[in-house]
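Below, each chain spelled out in residue letters.
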Amino acid sequence: MQNNCIYLDNNATTKVDPEVIEVMLPYLTDYYGNPSSMHTFGGQVGKAVRTAREQLAAMLGADESEIVYTSCGTEGDNAAIRAALLAQPEKRHIVTTQVEHPAVLNVCKQLETQGYSVTYLSVNHQGQLDLDELEASLTGNTALVTIMYANNETGTIFPIEQIGLRVKESGAIFHVDAVQAVGKIPLNMKTSTVDMLTLSGHKLHGPKGIGALYIRRGVRFRPFILGGHQERGRRAGTENVPAIIALGKAAELELLHLEEAIARERKLRDRLEQTLLAKIPDCVVNGDVTQRLPNTTNIGFKYIEGEAILLLLNKYGICASSGSACTSGSLEPSHVLRAMGLPYTTLHGSIRFSLCRYTTEAEIDQVIEVMPSIVERLRALSPFKNDDAGWLQGQEQALAHR
Ligand SMILES: *Cc1c(COP(=O)(O)O)cnc(C)c1O
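Basis of the calculations
Residues numbered from 1 in each chain as written. Predicted model: local features only at pLDDT ≥ 70, side-chain atom pairs only at ≥ 80, totals over all residues. Heavy atoms only, no water. Pairing = 2+ DSSP bridges. Helix = DSSP H or I, 4+ residues; strand = E, 2+ residues; numbered from the N terminus. Axes fitted to C-alpha atoms, helices over the stretch in contact; angles between N-to-C directions. Contact = heavy atoms within 4.5 Å. Polar contact = N/O pair within 3.5 Å; in protein donor to acceptor, adjacent residues only side chain to side chain.

J.: How do you make sense of the sheet that holds strand E4 (residues 117-121) when you look at a structure like this?
T.: Two pairing modes exist for strands in a sheet, parallel and antiparallel, and in both the strands are linked by backbone hydrogen bonds. Strands sit in the order E2-E8-E7-E6-E5-E3-E4 across an open sheet of 7 strands; the sheet is mixed. In this open sheet, the two edge strands, each paired with only one partner strand, are strand E2 (67-70) and E4. Within this sheet the neighbouring strands show an average axis-to-axis angle of 20 degrees, counted without direction. Strand direction decides the pairing type here: strand E3 (residues 93-97) and strand E5 (residues 142-148), joined by 3 bridges, are parallel. Bridging across to E5, Ile-94 finds its partner in Leu-144. Packed on one face of the sheet, helix H6 (residues 160-170) meets E5 and strand E6 (173-177) and runs near 160 degrees to E6.

See below:
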């Protein structure tokens, strides 16, 4: 298997940093002890886990005792939501948004069948929340507010600290899915209003199969995976030592590269976006371009299908996405773009490019080179070019026949 693709799908997953692999490998070979064991062999491993926890805590401005390892971002989201509800059994209301990741939305949907009521906050055309709507939704019955830091599809960043101040007044627990924010923008839990925060290793140049949940000291937490005493009784199961070591190193490297990476990726992203907008007629940027992750651009190309663009890009070895990896393949338009109320003409023709610190100028040039002709080819085949009403009707018919 060979890989020389131009990888612009970093919000789906990232390449593991070679330095991360290097520090992780000995814990798959020589140092296989159980960190909870009494003997020196296990103790050495326990010490390495403590160091890794310090590295991760440092990136977040957190205390080591506030970090609980999980198997992934999805587990972190699930654990935080369940824990907040278990800790306050008398409260039966949850506030979230319409644009969350399925790891939050699908938990909330299930909770609705179990006697909880859920408010799904709306977003405007830029994908931003209305803080008055948020404030109006909070009651004494609200156990939990769970809102993402940055959107995986559009990169839109929510004003988490402003939201947190309002949540605090209501007495609810505030959980933030920060899987797309950690390692991409600076975070400091010391000065934050966030009670719990979820992150995932494979989104920040660490391996798959490891994540973490930050739990602010003093926040009531009830685990939903029960067993041994690992993670101070908050997440049972023998630690995934190699992945924990890897996540520590990945966090250290992210912190080290953060400022430089933000500037570099933003410049490359902006050049990609501005050039495509200038060269290709009838396309728009989706999301809040002022409050946005530096690595993400989501562009809607009118009158054509995002999936068709992706297939042609793929022929040139360019990996992008038509939204979240979790919903693509279903051909349903993205729930995020739908919540933003985008017109049908762009809803189906939207593509996400997400960069990382390995993205090069030459790779961006290559995308700029091929995109105009791809869009032109597809539009030439589209029966609805320059015909918004016809396009809309065609899409509705196609949906009806599914
Ligand atoms: C990827 C992602 C998740 C899920 O993380 P996994 O580690 O893949 O389970 C959750 N939330 C957001 C915003 C994500 O982008």
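Here the narrative resumes, following the displayed structure.
J.: Explanation requested: the side chain of Thr-142 in the structure shown.
T.: Mapped onto the elements, Thr-142 comes out in strand E5. At 2.8 Å, the side chain of Thr-142 and the side chain of His-93 are in polar contact. Here Thr-139 takes part through its backbone nitrogen, which lies 2.9 Å from a polar atom of the side chain of Thr-142. The residues touching Thr-142, leaving out its near neighbours within four places in the chain, are Lys-91, His-93, Val-95, Ser-137 and Ala-172.

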